[in-house]
Amino acid sequence: MLHGRWKYAFCLAWLIANSQLLRAEDGPRDPVLTLDFGDAKVAYKRSELLQRPDLEHIEVAADASYPGRKMSYQAVPAAKLFANQKISPQAVIQFQCLDGFSAPISKERLLNSDPRQSIAYIAIESPDAPWPGVKAGGPSAGPFYLVWPQPKLSQIGPEEWPFQLVGFSLRENLRQLYPAIFPVEPASAEVQQGFTSFTKNCFPCHTMNRQGAGEVGPDLNVPYGPTEYLNRRSLRRLIRNPQDLRYYAKSRMSAFPKSSLSDEELNHLIAYLAHMTKHKVATTAKHH
Ligand code: HEC
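Calculation notes
- Residues numbered from 1 in each chain as written.
- Predicted model: local features only at pLDDT ≥ 70, side-chain atom pairs only at ≥ 80, totals over all residues.
- Heavy atoms only, no water.
- Pairing = 2+ DSSP bridges.
- Helix = DSSP H or I, 4+ residues; strand = E, 2+ residues; numbered from the N terminus.
- Axes fitted to C-alpha atoms, helices over the stretch in contact; angles between N-to-C directions.
- Salt bridge = Lys/Arg side-chain N within 4 Å of Asp/Glu carboxyl O.
- Buried < 20%, exposed > 50% of the residue type's maximum accessible area, 1.4 Å probe, protein only.
- Parallel < 35°, antiparallel > 145°, perpendicular 65-115°, else oblique.
- Contact = heavy atoms within 4.5 Å.
- Nonpolar A, V, L, I, M, F, W, Y, C, P; charged D, E, K, R; others polar.
- Near = heavy atom within 4 Å.
- Polar contact = N/O pair within 3.5 Å; in protein donor to acceptor, adjacent residues only side chain to side chain.
- Donors = N, O, S within 2.8 Å, 3.2 Å for Na, K, Ca; no water.
- Tetrahedral: all angles 85-135°; square planar, octahedral: opposite > 155°, others 65-115°.
- Phe/Tyr/Trp six-rings, centres within 6.5 Å; stacked < 30°, edge-to-face > 60°.
- Lys NZ or Arg CZ within 6 Å of the ring centre and 35° of its normal.
- Core = buried A, V, L, I, M, F, W, Y, C linked by side-chain atoms within 4.5 Å.

**Student:** I keep staring at the sheet that holds strand 7 (residues 121-124) and nothing clicks. Help me out?
**Tutor:** Sheet strands pair via backbone hydrogen bonds, and the direction of the pair is either parallel or antiparallel. Overall, antiparallel pairing links the 4 strands, which are arranged 3-4-7-8 in an open sheet. At either end of the open sheet lies a strand with only one pairing partner, and these are strand 3 (56-60) and strand 8 (144-147). Taking each pair of neighbouring strands and ignoring which way they run, the sheet shows an average axis angle of 50 degrees. With 4 bridges connecting them, strand 7 and strand 8 associate as antiparallel partners. Counterpart to Ala 123 in the pairing with strand 8 is Tyr 145.

**Student:** Any chance you could explain the pattern of salt bridges here in plain terms?
**Tutor:** Side chains carrying opposite charge are able to pair once their charged atoms draw close together. Using the criterion set out here, one finds 10 salt bridges in the structure. Asp 54 is the salt-bridge partner of Arg 52, the closest N and O atoms lying 2.8 Å from each other. Judged by relative accessible area, which is 18%, Asp 54 ranks as buried. In this structure, the salt-bridge partner of Asp 263 is Arg 240, at a minimum N-O distance of 2.9 Å. Of this pair, Asp 263 sits in helix 10 (residues 263-276) while Arg 240 sits in helix 8 (residues 232-240); the two residues are 23 residues apart in sequence, bridging distant segments of the chain. Using a relative accessible area of 37% as the deciding quantity, one classes Asp 263 as partly exposed. A single network of salt bridges, built from pairs that share partners, joins Arg 240, Lys 258 and Asp 263.

**Student:** So what exactly am I meant to see when it comes to the packing of helix 6 (residues 189-201) against helix 10 here?
**Tutor:** Each pair of packed helices gets described by two things: the angle between the helix axes and the distance between those axes. Between helix 6 and helix 10, the shortest axis-to-axis distance is 7 Å and the interhelical angle comes to 100 degrees. Between helix 6 and helix 10, the angle is such that the two are roughly perpendicular. Residues Glu 190, Val 191, Gln 193, Gly 194, Phe 195, Ser 197 and Phe 198 of helix 6 pack against Glu 265, His 268, Leu 269, Ala 271, Tyr 272 and His 275 of helix 10. Its residues placed into classes, the contact of helix 6 with helix 10 shows 6 nonpolar, 5 polar and 2 charged.

**Student:** Sorry, what's going on with the site of the ligand here?
**Tutor:** Surveying the vicinity of the ligand reveals 21 residues, the closest of which are Cys 202, Cys 205, His 206, Tyr 229 and Met 253. Here an oxygen atom of the ligand and a backbone polar atom of Arg 252 are 3.1 Å apart. Put simply, the parts of the chain that give the shell around the ligand at least two residues each are helix 7 (226-229) and helix 8. Grouping the amino acids of the shell around the ligand by side-chain chemistry returns 14 nonpolar, 5 polar and 2 charged.

**Student:** Whenever I open this one, the coordination of the iron atom of the ligand confuses me. Can you help?
**Tutor:** Under perfect tetrahedral coordination by four donors, a metal shows angles of 109.5 degrees; under perfect octahedral coordination by six donors, it shows angles of 90 or 180 degrees. Only His 206 (NE2) and Met 253 (SD) from the protein coordinate the iron atom of the ligand, and they sit 2.0 to 2.2 Å from it. If you look at the iron atom of the ligand, its 6 donor atoms make angles of 85 to 179 degrees with each other, and the shape they trace is octahedral. Note that His 206 is positioned in the loop between helix 6 and helix 7 and Met 253 in the loop between helix 9 (242-245) and helix 10, a separation of 47 residues in sequence. Residue classification places His 206 among the buried positions, given a relative accessible area of 11%.

**Student:** For this particular structure, what's the right way to read the packing of aromatic side chains?
**Tutor:** By convention here, two paired aromatic rings are described through the distance between centres and the angle between planes. If you walk through the whole model with that rule in mind, you get 13 aromatic pairs. A network of ring pairs unites the aromatic residues Tyr 178, Phe 182, Phe 195, Phe 198, Phe 203 and Tyr 272 as a single cluster. Its guanidinium or amino end placed over the ring of Phe 182, Arg 175 lies 4.2 Å from that ring's centre, counting from NZ or CZ.

**Student:** Would you mind going over the nonpolar core with me for this structure?
**Tutor:** When a protein is soluble and globular, its nonpolar side chains tend to lie buried together. Ranked by size, the top nonpolar core spans 42 residues in total, and within it Tyr 73, Leu 146 and Phe 168 carry the most contacts. For Leu 146, the contacting residues outside a window of four places in its chain are Ala 78, Ile 105, Leu 110, Ala 120, Tyr 121, Ile 122, Glu 160, Trp 161, Pro 162, Leu 165 and Phe 168. Counting 25 residues, the second largest nonpolar core, distinct from the first, contains Phe 256, Ile 270, Tyr 272 and Leu 273.

Written as structure tokens, this is what we have:
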């Protein structure tokens, strides 16, 4: 029999592990994908999306969420959903997912319709033909999932396939949205490059100075940044493969092997993290 306290810890772990599943089961029968333009919102119901004249049947041979499987989807080109919107050159588009994963995504890539480059599609899971679990026994990538039939054309990375999408939001620019994540001048070219790499690779899950929409992992600067409490070797090891530093079966942090983050990029990233420890933004703790 489980001892009281362990029973509690076990239940909590179980709840966390299954919260997505529970949410998916409790979710509305006709889920919506929301495009938030700040002053206006457009909500697309699944049933409406599945009726659109621009719905296509697509095949995805190298699917980031279903490795080794050839997938086929009913999908709408992402650009079509944004077609009637004025989008300024500095505007930033962010995606949001059910589990709190959220990040800016290149709007040039998301809205591209030139067939010589990768084209993004919003795949829609039909209730009659559910997709397999992303992990065995877990929930699928649906109801909405951003896929790229030809990812190689624009070298689309694994973090550019957000699944269990809730929607997208558009803001004037990233600095307006999150001023405290930017390097503070004077900042070296390495720090600037590290910042770019941070927004692409880490910001989907971690906040910086408590700014950002990623709520999967801890803040990477306050109260302490990782360069303040981990030596460089341990930090590199953790980023390359978190399980290599501390084993944790339920870890949700991705590994960043050299194929997705070069040694040089890793150096820049660490330079940025170290730089930010000198520019902490004092914010009061959020109480829930
Ligand atoms: C898919 C989400 C995800 C991504 C992407 C991600 N992390 Fe994490 N990270 C986590 C989670 C969750 C934890 C908490 C421990 C765990 O689950 O492994 C964590 C833990 C950490 C820690 C340890 C914090 C501590 O004090 O224990 C550091 C440092 C870290 N991440 C840095 C990074 C950096 C740098 C990047 C980008 C290269 C990154 N992470 C990308 C989810 C993520």
